[in-house]
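The lines below spell out each chain.
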Amino acid sequence: MPPPIGTSSHHDADGLGPTWPEDDPSKSRLLSILTSWNYSYMNPILKKGADIHHAKAKNPRRRSSLLGLYFDRTHSQRLSQGDVAEENATHEGNNNSEGATSSSSLPAVRQLTLSDLYQVPSSMRASALQPIFDEYFEQEKGKVVKTLWRLASPTFLPAGLCQLITVFAQVAVPLFVWKLLRILEENPSKNVFGQAVPYVFLILVADVFNAYGTNRQRFLAMKSGVTIRVAIIGAIYERVLELTPKGKIGLTTGAVTNLFAIDTQKLFEVTAEGHLLWSAPLSMLLVAIMLIFVVGPSMAVGIVLLLLFAPIVQMISNKMMEIRKQRVKVTDRRVEIVNAMLQGIKVTKLNNYESRYIERIQQVRDEELGLLRRELYVWSMVMAVQFISPVVASAGAFAAYVLAGNILTTADAFTALLLFNALRFPINYASRLIGKVAQARESARRISIFMKREVRDNRMKMETDNGTKETNSASTQSPLLENIEENANGVEGSISSEGDDVMTSLQSNKELLVIKNGTFRAGDNISHKSWDDINCGADDDGFTVGGINMSVGPGEILAIVGPVGSGKSTIINAIIGEVSVSPETTIQTHGKVAYASQVAFILNATLRDNILFGNPFDVVRYNQVLHSCCLLSDIEQLSAGDMTEIGERGVTLSGGQKQRVSIARVVYSNPDIALFDDPLSALDAGTSRKVFDRLFKQSKNTLLS
């Protein structure tokens, strides 16, 4: 039986787990600092994981039989309060008394769930980062790199301080070892305990500072990287939704996918290791000074040899970046072909196009692999230089030291080896970082180009009982949208070729939607013609509809009726900003706009999530919407009710069910303006009548009033 409407098997974000320790106001400042440096707050989670692992390890048969099963949260919580071993003992007793037990009858094992993990830190949540990114992006006049720097600097700069501590600690250890060995060399037969203990203690202190500084630096740098990635993904996603028809020209799905999947990852990687850009040269400088101070000027030979490798690495990295630019373009083509095949999978199957798609994908993939192979060959040269350079440098330095007539003592040899070993890490990672920085620069350039695409202005004014407030709305609107700012009485909604009624509506100013002198253009080639040269109707470049004047007030229903291809959908798309609008056209909206297209948009989520679409769950309104859209009987037939996963693009639903889910989403969102593009086209006559009567015909209908 499906769960009753109004119940849910998942939990709210507030109940996912305990508050992030650094956000917990109940903890003292000192305790918060200590736990943030030693990460002791992770111990309970690690202990739970270890206990579960040990419990499973005690009974391999039970572990294998439970593989692949999912367990409900209620049972997991019950077991978390009890003893896993007791559950295992109960199961073993059942096995002894009843023999082999099928996997379906096995009791659930305690699993790590989201409720065991900490919530996302408040400063790293997308809801908190997105407004900050938008503000900084506007202040920096659209410069992505400067915007990301301001966003990440609160955690990135402290990470730099930790990296500085690490550098000095790493360089100090060889110096203390040198002092200790010199004491032992100068006093081979004496008790040097009192002289040596301070240096041993200093070595310990330096290692402790190195350990804490390194781990804290990595944590803060990774945190900065995650912050940047979350913010830029949110900005790209928001920008995609706000692109104008002109802004979409030349933009492919593959290019957008690469922005999300590849370019944001490159920015994350360079942020996580970005402090090596200055710490590596600093380490090399300090090591060079210490080598000359401890061993002598002959160590300069090794330093010079290391410096000679730098231009070689730079040249190889530049070559690698040239190859990568070519590979990214090929990757965009491959993703676009795959996406086109998946979106039209029904046509592909029915027409037996699989072999053609496979051939096209294989050709592009072969080209991509060829470029990737070349890139990896070049990268292998970089790695070879990384491992060769310290060896060559130390060999050259020791050779010069001995040829100069010096005797290589134990203290000098071990100290020099430690110092050159300290150089290995910054040199290796510095050369790797050169490539990552080049990749990140290219990714930032691609993101900057995308962010400069033309977008709609989504700033709207929403009236309240106390006045008018300005807000950012998720609803889309045209660049020419204006806002109604005065209060008066409304008039009947109408469409006409004259503008007198529209001007009257503007003066009354109670209309939710007003269009004056509307001329709209849909098509791919929309930028090479002027509006004066475009005539209404269809041509080779697109479709134009004009002479539209209309207004709609609260509680009114306006139907646009016409034959196929007359421009009904174009008008609706113009209202939501999806087609080009002439400069003489004025579109005025008031409040929140919701839209249901001819082809239902379905998320790969539960039926309830598709209806809520991120809005808070109101059980009363939710049930009213289900009744009005005739979805109750369909939900009763689903295995998990409204919590059933309906699959990618609604593959488990019929066309009529998907359309009613789309209608329900609009109705549940409680919009000021609800736009329906032929919403009943996929419904049978009986269901269409019920939906129409319950949503549009009833005089006391409160769902869309």
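Residues numbered from 1 in each chain as written. Predicted model: local features only at pLDDT ≥ 70, side-chain atom pairs only at ≥ 80, totals over all residues. Heavy atoms only, no water.

## Examining the overall build of the chain
1) Next: From N to C terminus, the chain includes 21 helices and 11 strands.
2) Next: A sequence separation of at least 24 residues applies to 76% of the contacts in the chain between residues at least 6 apart.
3) Next: Roughly 37,800 Å² of accessible area belongs to the chain as shown, and the carbon and sulfur atoms make up 58% of that amount. (Helix = DSSP H or I, 4+ residues; strand = E, 2+ residues; numbered from the N terminus. Contact = heavy atoms within 4.5 Å. Areas by Shrake-Rupley, 256 points an atom, 1.4 Å probe, with all protein chains shown as cover.)

## What to know about the pairing of strand S5 (residues 513-522)
1) Next: A large share of S5 lies buried, amounting to seven of its 10 residues.
2) Next: In this sheet, strand S7 (residues 542-552) lies alongside S5 in antiparallel orientation, the contact comprising seven bridges. From the neighbouring strand, Gly 518 faces S7, where its bridge partner is Ile 548.
3) Next: Two strands pair when backbone bridges link them, and S5 and strand S9 (residues 586-589) are joined in this way by four bridges, in the antiparallel orientation. Among the inter-strand pairings, Ile 515 is bridged to a residue of S9, identified as Ile 587. (Buried < 20%, exposed > 50% of the residue type's maximum accessible area, 1.4 Å probe, protein only. Pairing = 2+ DSSP bridges.)

## What to know about the packing of aromatic side chains
1) Next: By the definition in use, this model includes 11 aromatic pairs.
2) Next: Aromatic pair Tyr 622 and Tyr 668: ring centres 6.2 Å apart, planes at 85°, arrangement edge-to-face. Placement of the pair is Tyr 622 in helix H18 (residues 619-628) and Tyr 668 in helix H20 (residues 655-668), with a sequence separation of 46 residues.
3) Next: What makes Tyr 622 buried here is its relative accessible area of 0%.
4) Next: Here a set of aromatic residues connected by ring pairs shows up, and it is made of Trp 20, Tyr 41 and Tyr 118.
5) Next: Residue placement shows Arg 608 over the ring face of Phe 617; its charged tip is 4.4 Å from the ring centre. (Phe/Tyr/Trp six-rings, centres within 6.5 Å; stacked < 30°, edge-to-face > 60°. Lys NZ or Arg CZ within 6 Å of the ring centre and 35° of its normal.)

## Regarding the nonpolar core
Soluble globular proteins tend to bury their nonpolar side chains together.
1) Next: Val 287, Leu 291, Val 295, Met 299, Ala 416 and Phe 420 are the most contacted members of the largest nonpolar core, which has 31 residues in total.
2) Next: Mapped by element, the contributors of at least two residues to this core are helix H7 (144-186), helix H8 (193-242), helix H10 (276-294), helix H11 (300-343), helix H13 (354-403) and helix H14 (410-451).
3) Next: If you tally residues by element for this core, the top one is H7, at nine residues.
4) Next: Setting aside its immediate chain neighbours within four residues, Leu 291 contacts Gly 296, Met 299, Ile 303, Ala 416, Leu 419 and Phe 420.
5) Next: Residues Ala 596, Tyr 622, Leu 626 and Phe 676 belong to the second largest nonpolar core, which totals 27 residues. (Core = buried A, V, L, I, M, F, W, Y, C linked by side-chain atoms within 4.5 Å.)

## Focus: the pattern of salt bridges
A side chain with one charge may pair with a side chain of the opposite charge, provided their charged atoms come close.
1) Next: The tally for this structure, following the rule as stated, stands at 19 salt bridges.
2) Next: Look at the salt bridges and you will find they share partners, linking Asp 263, Asp 332 and Arg 446 into a network. (Salt bridge = Lys/Arg side-chain N within 4 Å of Asp/Glu carboxyl O.)

## A look at unusual backbone geometry
1) Next: Phi is positive for Asn 517, close to 50°, though the residue is something other than glycine.
2) Next: For Asn 517, the location among the structural elements is in strand S5.
3) Next: Residue classification places Asn 517 among the partly exposed residues on the basis of a relative accessible area of 47%.
4) Next: If you check the backbone angles, Cys 630 has positive phi at about 60° while not being a glycine.
5) Next: As for its position among the elements, Cys 630 is in the loop between H18 and helix H19 (632-637).
6) Next: For Cys 630, a relative accessible area of 12% corresponds to the buried category.

## Digging into the packing of helix H6 (residues 126-139) against H7
1) Next: Contact geometry of H6 with H7 gives a least axis separation of 9 Å together with a crossing angle of 135°. When the interaxial angle is binned, H6 and H7 end up oblique. For the crossing formed where H6 meets H7, the hand is right-handed. Where H6 approaches H7, its residues Leu 129, Ile 132, Phe 133, Tyr 136, Phe 137 and Gln 139 are matched on the opposing element by Val 144, Thr 147, Leu 148, Arg 150 and Leu 151.
2) Next: Grouping the amino acids of the contact of H6 with H7 by side-chain chemistry returns eight nonpolar, two polar and one charged. (Axes fitted to C-alpha atoms, helices over the stretch in contact; angles between N-to-C directions. Parallel < 35°, antiparallel > 145°, perpendicular 65-115°, else oblique. Left-handed = near helix turned anticlockwise from the far one by under 90°. Nonpolar A, V, L, I, M, F, W, Y, C, P; charged D, E, K, R; others polar.)

## Quick notes on the layout of surface pockets
1) Next: Computed from the structure, the second largest pocket encloses a volume of approximately 1,300 Å³.
2) Next: Lining the second largest pocket we find 40 residues, and of these Ile 557, Leu 558, Ala 674, Phe 676 and Phe 696 sit closest to its centre.
3) Next: Residue assignment for the lining of the second largest pocket shows that the elements contributing at least two residues are S7, helix H16 (568-575), strand S11 (673-676) and helix H21 (685-697).
4) Next: Tallied by class, the residues present in the lining of the second largest pocket amount to 24 nonpolar, 10 polar and six charged. (1 Å grid on protein atoms, 1.4 Å probe; cavity = no way out; pocket = protein on both sides within 12 Å on 5 of 7 lines; lining within 4 Å. Points joined across faces, edges and corners; volume = space filled by probe spheres on them.)

## Quick word on H16
1) Next: In terms of residue burial, H16 counts as a mostly covered element, since six of its eight residues are buried.
2) Next: By the burial criterion, the buried members of H16 are Thr 570, Ile 571, Ile 572, Asn 573, Ala 574 and Ile 575.
3) Next: Against the buried residues of H16 lie S5, S7, S9, strand S10 (593-596) and S11.

## Focus on the confidence of the model for the chain
1) Next: Residue-level pLDDT values for the chain average 76, and 77% of them are 70 or greater.
2) Next: Strand S3 (residues 481-483) is the least confidently modelled element of the chain, averaging 32 in pLDDT, while H18 averages 91, the highest of any element.
3) Next: Across residues 62-108 the pLDDT falls below 50, and counting only partners more than four positions away or on other chains, this stretch makes 47 contacts in the model.
4) Next: Confidence over residues 459-507 falls short of pLDDT 50; this stretch has 129 contacts with residues more than four positions distant or in other chains. (pLDDT = per-residue confidence, 0-100.)

## Observations concerning the environment of Met 284
1) Next: Residue position: Met 284 is located in helix H10.
2) Next: Judged by relative accessible area, which is 23%, Met 284 ranks as partly exposed.
3) Next: Remark: the alpha-carbon pair of Met 284 and Val 167, spanning 117 residues in sequence, is separated by 10.0 Å.

## A few points about a nonpolar patch on the surface
1) Next: Taken together, the side chains of Trp 37, Phe 201, Leu 202, Leu 204, Val 208 and Tyr 212 make up a nonpolar region of the molecular surface, amounting to roughly 550 Å² of accessible area.
2) Next: A per-element tally of the nonpolar patch places H8 first, with five residues.
3) Next: Mapping Val 208 onto the fold places it in helix H8.
4) Next: The partly exposed category is assigned to Val 208, whose relative accessible area is 38%. (Patch = residues over 30% accessible without salt bridge, like charges linked within 9 Å, V, L, I, M, F, W, Y side chains within 5 Å.)

## Focus on the side chain of Ser 443
1) Next: Relative to the helices and strands, Ser 443 is located in helix H14.
2) Next: The class for Ser 443 is buried, based on a relative accessible area of 0%.

## Regarding the packing of H7 against H10
1) Next: Contact geometry of H7 with H10 gives a least axis separation of 10 Å together with a crossing angle of 20°. One way to sum up the angle between H7 and H10 is to call them roughly parallel. The chirality of how H7 crosses H10 is right-handed. Of the residues in H10, those in contact with Gly 160, Gln 163, Leu 164, Val 167, Phe 168, Val 171, Leu 175 and Trp 178 of H7 are Leu 276, Trp 278, Ser 279, Leu 282, Ser 283, Leu 286, Val 287, Met 290, Phe 293 and Val 294.
2) Next: Partitioning the contact of H7 with H10 into residue classes produces 14 nonpolar, four polar and no charged.

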